[in-house]
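Tertiary structure, described
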Amino acid sequence: FRFSRKDRDWQAGEKVQIVLWPRSPKRQYLGRAKIIEKVNKAPQDITEGEAILDGFENLGAFWEWFAEIYGIPSLAFEGLNKLTLRWVKE
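What comes next is a walk through the structure. Since we're looking at a predicted model, the values are computed, not measured. (Residues numbered from 1 in each chain as written. Predicted model: local features only at pLDDT ≥ 70, side-chain atom pairs only at ≥ 80, totals over all residues. Heavy atoms only, no water.)

Let us now look at the pattern of salt bridges. Counting across every chain of the model gives 4 salt bridges. Between glutamate 50 and lysine 82 there is a salt bridge, with its nearest N and O atoms 3.0 Å apart. Linking glutamate 50 in helix H1 (residues 48-53) with lysine 82 in strand S4 (residues 80-88), this pair joins segments that are 32 residues apart in sequence. Grouping residues by exposure puts glutamate 50 and lysine 82 together as buried. By sharing partners, the salt bridges in this structure join Lys41, Glu50 and Lys82 into a single network. (Salt bridge = Lys/Arg side-chain N within 4 Å of Asp/Glu carboxyl O. Helix = DSSP H or I, 4+ residues; strand = E, 2+ residues; numbered from the N terminus. Buried < 20%, exposed > 50% of the residue type's maximum accessible area, 1.4 Å probe, protein only.)

Have a look at this one:
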C-alpha cells in the first residue's frame, strides 16, 4: 500500500525500486519490481483478508504498521494505492 504520488502517480507496468527505510541513513535497497496491478482504495475499506494476504498477522497488525509509517488519524482517510508487485531481474 502506498499513498498517491503528488508529482506523478504509480502506474501498472512501471518498474520500481523496492527500498526499506528510503529516507533513513539505514536505507536498504532490496531490488526492482514491476507494478502488475494498481487499485485505489480507502484505508477504512481494507479487509482482514487483504491484510493477511499482504503478510500481516491480522488487520490490527496492518493498522499498527500504518500508524507507525504514516501516522493516524491525519492521513488515515486519504486514498491509497494497493500495488501488486512482481520481482524482476536486474
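A word on the sheet that holds S4. Pairing within the open sheet is antiparallel, and its 4 strands lie in the order S1-S4-S3-S2. Unpaired on one side and paired on the other, strand S1 (2-3) and strand S2 (15-20) mark the two borders of the sheet. (Pairing = 2+ DSSP bridges.)

A few words on the layout of surface pockets. Within this model, the largest pocket holds a volume of roughly 1300 Å³. Phe1, Arg2, Val19, Trp65 and Tyr70 are the residues nearest the centre of the largest pocket, which is lined by 27 residues in total. Counting only elements with at least two residues in the lining of the largest pocket, the list comes to S1, S2, helix H2 (59-70) and S4. Looking at which element gives the most residues to the lining of the largest pocket, the answer is S2, with 5 residues. Residue composition of the lining of the largest pocket, by class: 16 nonpolar, 4 polar and 7 charged. (1 Å grid on protein atoms, 1.4 Å probe; cavity = no way out; pocket = protein on both sides within 12 Å on 5 of 7 lines; lining within 4 Å. Points joined across faces, edges and corners; volume = space filled by probe spheres on them. Nonpolar A, V, L, I, M, F, W, Y, C, P; charged D, E, K, R; others polar.)

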